[in-house]
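Here is how the chains run, residue by residue.
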Amino acid sequence: MNAIGQLDRSPLQIDSGMLPRPFVVRSRREEMSDCVTLELAALDGEPLAFEAGQFTMLYVHGVGEVAISISGDPAVSDSLIHTIRAVGAVSQALCGLSEGDRVGVRGPLGNSWPLERAVGKHLMIVAGGLGLAPVRPIIYWALANRDRLKSIDIVYGTRAPDQILFAPQLLGLSTTDGLRVGMTVDLADQDWRGQVGVVTDLIPSMLREPAETVAMVCGPEIMMRFTGQALAAAGVPAEEIFLSMERNMKCGIGWCGHCQLGPHLICRDGPVFPYPAVRDLMSVWEL
Ligand SMILES: Cc1cc2nc3c(=O)[nH]c(=O)nc-3n(C[C@H](O)[C@H](O)[C@H](O)COP(=O)(O)OP(=O)(O)OC[C@H]3O[C@@H](n4cnc5c(N)ncnc54)[C@H](O)[C@@H]3O)c2cc1C
Ligand code: FES
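Small disclaimer: the values here were computed from a predicted structure and weren't measured.

*Asks:* Explain the sheet that holds strand β9 (residues 179-185) residue by residue, including any values.
*Replies:* The seven strands lie next to each other as β10-β9-β8-β7-β11-β12-β15, forming an open sheet whose pairing is mixed. Of all strands in the sheet, those with a lone pairing partner are β10 (195-196) and β15 (272-274), marking the two edges. In this sheet, strand β8 (residues 151-158) lies alongside strand β7 (residues 122-128) in parallel orientation, the contact comprising seven bridges. Bridged to I125 within β8 is I154. Here helix α6 (residues 221-233) sits on the sheet in contact with β7, β11 (213-218) and β12 (241-244), set at roughly 170° to β11.

*Asks:* Lay out the site of ligand 1 in plain terms, naming residues and giving numbers.
*Replies:* Contacts to ligand 1 come from 18 residues, most closely from A67, S69, T83, R85 and S91. T83 is positioned with one of its backbone polar atoms (N or O) 2.8 Å from a nitrogen atom of ligand 1. Within the backbone of R85, an N or O atom sits 2.8 Å from an oxygen atom of ligand 1. At the level of secondary structure, the elements contributing two or more residues to the shell around ligand 1 comprise β4 (64-69), β5 (80-85) and α2 (89-95). Per element, the largest residue contribution to the shell around ligand 1 is four residues, and it comes from β4. Of the residues that constitute the shell around ligand 1, the class distribution is ten nonpolar, five polar and three charged. In this structure, the shell around ligand 1 is formed jointly by two domains, domain 1 (11-109) and domain 2 (115-278), each of which donates at least three residues.

About the criteria used
Residues numbered from 1 in each chain as written. Chains lettered and ligands numbered in written order. Predicted model: local features only at pLDDT ≥ 70, side-chain atom pairs only at ≥ 80, totals over all residues. Heavy atoms only, no water. Pairing = 2+ DSSP bridges. Helix = DSSP H or I, 4+ residues; strand = E, 2+ residues; numbered from the N terminus. Contact = heavy atoms within 4.5 Å. Axes fitted to C-alpha atoms, helices over the stretch in contact; angles between N-to-C directions. Near = heavy atom within 4 Å. Polar contact = N/O pair within 3.5 Å; in protein donor to acceptor, adjacent residues only side chain to side chain. Nonpolar A, V, L, I, M, F, W, Y, C, P; charged D, E, K, R; others polar. Domains from an automatic or database assignment.

Spelled out as structure tokens, the structure:
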């Protein structure tokens, strides 16, 4: 049964959806002091295809399991890339893993970014802080499909210059034809020559033809709330704005109700939602 009393899956499907597959850490890269990127490979060697926007439940033996977005290239299925910030027991344990350590993986889970909607249009990707990890698969897809898109614009905001995720990659991208990267920080240091302020400050000047734009947004909920408002106010059609939502998850397969957001279960109906579906729910405190 799920939280609203409907049987979605047979008990056998629930069992298989709840069973982690054994993976090994193939490589580990420290992005910043509290954030690492892990490359995981299946112990049985089976590829694991995923779509941009999906997440997995990662299990550390004896500690617990958490939802983490897949941040790698969807065209590559021989390993899984996850970028994780240490905020509590399980994420700290994941960040503390070393090459060769084992981890359990369930998934890929959830829906995906509606990439094909951007074909023939301007694609704007807006990310805040660690929210750049869940949108990175969109960037890989957009680069591979550059000639099918009118333009690609990445708008990224983070706390401080030393908190810029994937900085070398972002800088490398800005030389791509038809692709612009706009970056802003909340707090500059003495070497920062870029923009200071919130991401929404950059949106009006970076939008090319708002009515012809599809926007994909990920970051802290308050940032997504104001970004949705800014994009809509600038003329991007509300139904062409998509947000990736987060809630604490347990089962990840629409069964336990932990990730409920109003009428939605984020693991089953999301994590990607059209802005009109979540616009009013985001302004309800602690919903
Ligand atoms: C679909 C989805 C995708 C995610 N992708 C990523 C990712 O790519 N990288 C990443 O680092 N994290 C991601 N998260 C968040 C990650 O699941 C949480 O940080 C993790 O569950 C925290 O567990 P913990 O045991 O380490 O800490 P806990 O002890 O459970 O929590 C520590 C602190 O973090 C807060 N917290 C816990 N879960 C969340 C959450 N989902 N959102 C906001 N605050 C939370 C708690 O309120 C508490 O203050 C994602 C979550 C979801 C639902
Ligand atoms: S219903 Fe269990 S985590 Fe979504």
